[in-house]
Amino acid sequence: SLLRDRTWNLTILGQGPLKEALETEATTLGIAEQVTFAGQVDDPFPYYRDADLGVLVSEVEGFPNVVLEMMASGAKHLIATPCTPAIRQLAGVEILEDQTAEGLAVAIARSIKSRSDSSQGYREFVNSRHSAEGFIESILSRLNPSLHL
């Protein structure tokens, strides 16, 4: 079981109504020393950069900007729920179709075991599709297909 493998650490960013319940659950499971509840942070990018795995488990998102931020910052692998149709436009993000706790656990365990590193591909995707230059290029090409930066 992944809980018995003590080679991982989990950092949870943000402040929400489930924080106390999650802290209690971590203690109950005997993994409290491996779980850090960082709370609300002013600069999440160092966390993203150092992440072997980033996970977005929202039920609904307008556009998953946090996933783009993780992609641009250097996260090695990303898993997300299908919280918006836009998530499928983000190359290389693993979409969690089985949205149960067990489905998430299997996806996380698979990612930890594989040690996959998609960070270079993520950065290239963000730079080509979501950078300021890429945005301007897409606008200009729609206005006049013969214009290019």
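In this report, we go over the structure that sits alongside the text. Bear in mind that the values here come from a model prediction, so they are computed numbers and not experimental data.

The pairing of strands in a sheet comes from backbone hydrogen bonds and takes either a parallel or an antiparallel form. Across the sheet, three strands lie side by side as E3-E4-E5; this open sheet has parallel pairing. The open sheet has two free edges, formed respectively by strand E3 (54-56) and strand E5 (94-95), since each of these has just one partner strand. Across two bridges, strand E4 (residues 78-80) lies against E5 in parallel orientation. The residue of E5 that forms the bridge with Ile-79 is Glu-94.

Turning next to the packing of aromatic side chains. Applying the stated criterion across every chain yields a total of one aromatic pair. Between Phe-45 and Tyr-48, the aromatic rings sit 5.7 Å apart at their centres with planes inclined by 85°, giving edge-to-face as the arrangement. Taken together, the positions of Phe-45 and Tyr-48, both in helix H2 (residues 45-50) and three residues apart, correspond to about one turn of that helix. A relative accessible area of 9% means that Tyr-48 is categorised as buried.

Rules used in this analysis
- Residues numbered from 1 in each chain as written.
- Predicted model: local features only at pLDDT ≥ 70, side-chain atom pairs only at ≥ 80, totals over all residues.
- Heavy atoms only, no water.
- Pairing = 2+ DSSP bridges.
- Helix = DSSP H or I, 4+ residues; strand = E, 2+ residues; numbered from the N terminus.
- Phe/Tyr/Trp six-rings, centres within 6.5 Å; stacked < 30°, edge-to-face > 60°.
- Buried < 20%, exposed > 50% of the residue type's maximum accessible area, 1.4 Å probe, protein only.

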